[in-house]
Amino acid sequence: MTINYRIFFNNNPATREQLDRVEEITVEQEIDMAWEARMQIPIATDDNGNWTGEDEGFLAEFTQVRIEIQIGDSAFVPLIDGCIVESGDRMSSEPGQSMKTVIVQDDSIRLNRDDRIFRFENLLDHEIASQLFEEIEQIDTTEIENTPAPSSSLPPVVVQRGTAMQLLRSLARRQGMHAYVLPGKEPGKSIGCFKSFPTKTDGLPPLILLGAERNVAEFNPTNNAQHPAKVTASILNIFDKKITQRTSNFGSLDLLGEETTFAEEGNTATQILSPRDSDAVDLDQAVTAEALRSSYSTEATGSVLNETYSAILTPYQVVSVCGANQRHSGDYLIRKVTHSLTRSFYSQSFTLQRNARSSGSSAGLANLAGSII
């Protein structure tokens, strides 16, 4: 299976000379985090003892960089579109051991540079998100879900000190959503997102652990029984002095499987939201959002078999897993992906998460011995 990649500097395709300078690329992608790429570029001295790469314009700070990859005949998929935020040199007296590391972060960092005091009145959270994304030139389009009006009897007011990205993530969390920036279809045209996790697969091939079509080297699931929590919240109406209370219902959560990994009663933890977490949002939305966040108790790590898996994994997508035991096979949300790329090698390692399990087999431990050869 043929692997191709391409790089853009300041939205222009890299030249052959620029591509030849890049020895290795690692891209880390994770939900609720700025995506980051590290480019390894060999450096050396000339006959006069002068180091190369000191004044390379295409490696200057805040140069826009986009990295795309293609598997087989499929379309190129962007791994990151952002700017250079850091660089460092490892200089060695031994030949061939000196290296420049250039760090690129996605365009969400442009929302995370300036501390401000924000004040928004009579605006819903999704309207605030739209205004903040519009401030950044590199964010060309948005994908924003509407948010309900708050339960409070007072007009909504948001006052917060910090960066725009910190405010976006705070608003998203209380709505059960996520704020992030994805690379767009064209260089320099990123997408500002303020929305919930998906619940269905959208075309990614399944990850298969066993059988003739296996494409996964390993798959390691774990379940944290302490993670899920029942959430309650209360609000006081200042006009009639009545208290309204809501409690989350696990049955209303969107699950990535047929069965929950937790019980409503018994060992499930209990969480009470502070007033500042619930007075500016719809109360049902607030408790459901926090209960949904805590419900992702199953996490799985692993890696694909090189030159076997035919697609590019990225966070904020749902992928099916096959060939694990029946409880752990099923749909998972992609939480984190590490892409490692050289001129002759490409690999993907992943972390998945799930808030459910699939219907299991009736076979118990008594059948285990007979299955071992």
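A few points on the structure.

In this section: the pattern of salt bridges. Applying the stated rule across the entire model yields 19 salt bridges. The salt bridge involving Arg6 is made with Glu68; its shortest N-O contact spans 2.4 Å. One end of the pair, Arg6, is in strand β1 (residues 3-9); the other, Glu68, is in strand β5 (residues 64-71), and 62 residues separate them in sequence. With relative accessibility at 35%, the residue Arg6 sits in the partly exposed group.

Turning to the sheet that holds strand β17 (residues 269-272), a few remarks are in order. Hydrogen bonds between backbone groups are what pair the strands of a sheet, and the pairing can be parallel or antiparallel. With mixed pairing, three strands are arranged side by side in an open sheet as β16-β15-β17. Strands with a single pairing partner mark the edges of an open sheet, and in this sheet they are β16 (243-247) and β17. Direction aside, neighbouring strands of the sheet carry axes that sit 20° apart on average. Where strand β15 (residues 229-236) lies against β16, five bridges are found, and the strand directions are antiparallel. When the bridges of β16 are listed, Ile235 appears paired with Thr244. Each of β15, β16 and β17 is contacted by helix α5 (residues 283-295), which is oriented at about 155° to β15, the strand it contacts most.

Taken together, Ile117, Val157 and Val159 make up a surface patch of nonpolar side chains, about 290 Å² in accessible area. Counting through the fold element by element, Val159 comes out in strand β10 (residues 157-162). For Val159, a relative accessible area of 51% translates into the label exposed.

A few words now on unusual backbone geometry. Notably, Asn10 is not glycine yet its phi reads approximately 50°, a positive angle. For Asn10, the position within the fold is in the loop between β1 and β2 (12-13). The exposure class assigned to Asn10 is partly exposed, which follows from its relative accessible area of 44%. In this model, Phe62 sits at a positive phi of 65°, which is unusual for a non-glycine residue. Examined against the element boundaries, Phe62 turns out to sit in the loop between β4 (36-42) and β5.

For soluble globular proteins, the rule of thumb is that nonpolar side chains tend to be buried together. Counting 47 residues, the largest nonpolar core has Ile7, Ile25, Met39, Val65 and Ile67 as its most contacted members. Element by element, the count of residues in this core is highest for α5, at five residues. Discounting chain neighbours no more than four positions away, the residues touching Val65 are Ile7, Phe8, Phe9, Met39, Ile80, Asp81, Gly82, Cys83, Ile84 and Val104. Leu111, Ala129, Leu168 and Ala179 belong to the second largest nonpolar core, which has 20 residues in total.

All right, on to the packing of helix α2 (residues 125-134) against helix α3 (residues 164-174) then. Close contact between α2 and α3 brings their axes to 10 Å; oriented N to C, the two are set at 155°. Viewed along their axes, α2 and α3 adopt a mutual orientation that is roughly antiparallel. Crossing of α2 against α3: the hand is left-handed. For the pair formed by α2 and α3, the contact residues are Asp125, Ile128, Ala129, Leu132 and Phe133 on the first element and Ala164, Leu167, Leu168, Leu171 and Arg174 on the second. When the residues that make up the contact of α2 with α3 are grouped by side-chain class, the tally is eight nonpolar, no polar and two charged.

Further remarks concern α5. An ideal rise of 1.5 Å per residue puts 18 Å on 13 residues; α5 measures up with 18 Å between its terminal C-alpha atoms. Among all positions of α5, only Leu283, Ala286, Val287, Ala289, Glu290, Ala291, Leu292, Ser294 and Ser295 are buried. Sitting at the amino-terminal end of α5 is Asp282, which places a side-chain oxygen 3.3 Å from the backbone nitrogen of Asp284.

This next bit is on the layout of surface pockets. If you add up the space inside the largest pocket, you get close to 660 Å³. If you go around the largest pocket, you meet 27 residues; those closest to its centre are Val77, Pro78, Pro183, Thr314 and Gln317. Those elements that provide at least two residues to the lining of the largest pocket are β5, β6 (77-90), β11 (178-182) and β12 (190-195). Take the lining of the largest pocket: its biggest share by element is three residues, from β12. Residues belonging to the lining of the largest pocket are distributed by class as follows: 16 nonpolar, six polar and five charged.

With that settled, the discussion passes to α3. The α-helix winds at 3.6 residues per turn, so residues separated by three or four positions along the chain end up facing the same way. Inspection of α3 places Ala164, Met165, Leu167, Leu168, Leu171, Ala172 and Arg174 among the buried residues, and these make up the whole buried set. Within two residues after α3, Gly176 carries a phi angle of roughly 75°, on the positive side.

Applying the stated criterion across every chain yields a total of three cavities of 30 Å³ or more. In this structure, the largest cavity encloses a volume near 60 Å³. Every residue along the wall of the largest cavity is listed here: Met1, Ile3, Ile71, Val304, Leu305, Asn306, Glu307, Tyr309, Tyr346, Ser347 and Gln348. Broken down by element, the lining of the largest cavity gets its largest block of residues, three residues, from strand β21 (residues 346-354). Looking at the lining of the largest cavity, its residues break down into seven nonpolar, three polar and one charged. For the second largest cavity, the full set of lining residues is Leu123, Leu124, Asp125, Thr147, Pro148, Pro150, Pro156, Val157, Val158, Arg174, Gln175 and Ala280.

With that settled, consider the sheet that holds β11. Overall, mixed pairing links the three strands, which are arranged β9-β12-β11 in an open sheet. Two strands bound the open sheet, and with one partner strand each, they are β9 (139-144) and β11. Within the sheet, the average angular offset between the axes of one strand and its neighbour, ignoring direction, is 15°. Sheet topology places β9 next to β12; five bridges connect them, and they run parallel. Bridge pairing in β12 links Thr142 to Gly192. Lying on the sheet, α3 is in contact with β11 and β12; it crosses β11 at an angle near 130°.

Cut-offs and rules
- Residues numbered from 1 in each chain as written.
- Predicted model: local features only at pLDDT ≥ 70, side-chain atom pairs only at ≥ 80, totals over all residues.
- Heavy atoms only, no water.
- Salt bridge = Lys/Arg side-chain N within 4 Å of Asp/Glu carboxyl O.
- Helix = DSSP H or I, 4+ residues; strand = E, 2+ residues; numbered from the N terminus.
- Buried < 20%, exposed > 50% of the residue type's maximum accessible area, 1.4 Å probe, protein only.
- Pairing = 2+ DSSP bridges.
- Axes fitted to C-alpha atoms, helices over the stretch in contact; angles between N-to-C directions.
- Contact = heavy atoms within 4.5 Å.
- Patch = residues over 30% accessible without salt bridge, like charges linked within 9 Å, V, L, I, M, F, W, Y side chains within 5 Å.
- Areas by Shrake-Rupley, 256 points an atom, 1.4 Å probe, with all protein chains shown as cover.
- Core = buried A, V, L, I, M, F, W, Y, C linked by side-chain atoms within 4.5 Å.
- Parallel < 35°, antiparallel > 145°, perpendicular 65-115°, else oblique.
- Left-handed = near helix turned anticlockwise from the far one by under 90°.
- Nonpolar A, V, L, I, M, F, W, Y, C, P; charged D, E, K, R; others polar.
- Expected span 1.5 Å × (residues − 1).
- Polar contact = N/O pair within 3.5 Å; in protein donor to acceptor, adjacent residues only side chain to side chain.
- 1 Å grid on protein atoms, 1.4 Å probe; cavity = no way out; pocket = protein on both sides within 12 Å on 5 of 7 lines; lining within 4 Å.
- Points joined across faces, edges and corners; volume = space filled by probe spheres on them.

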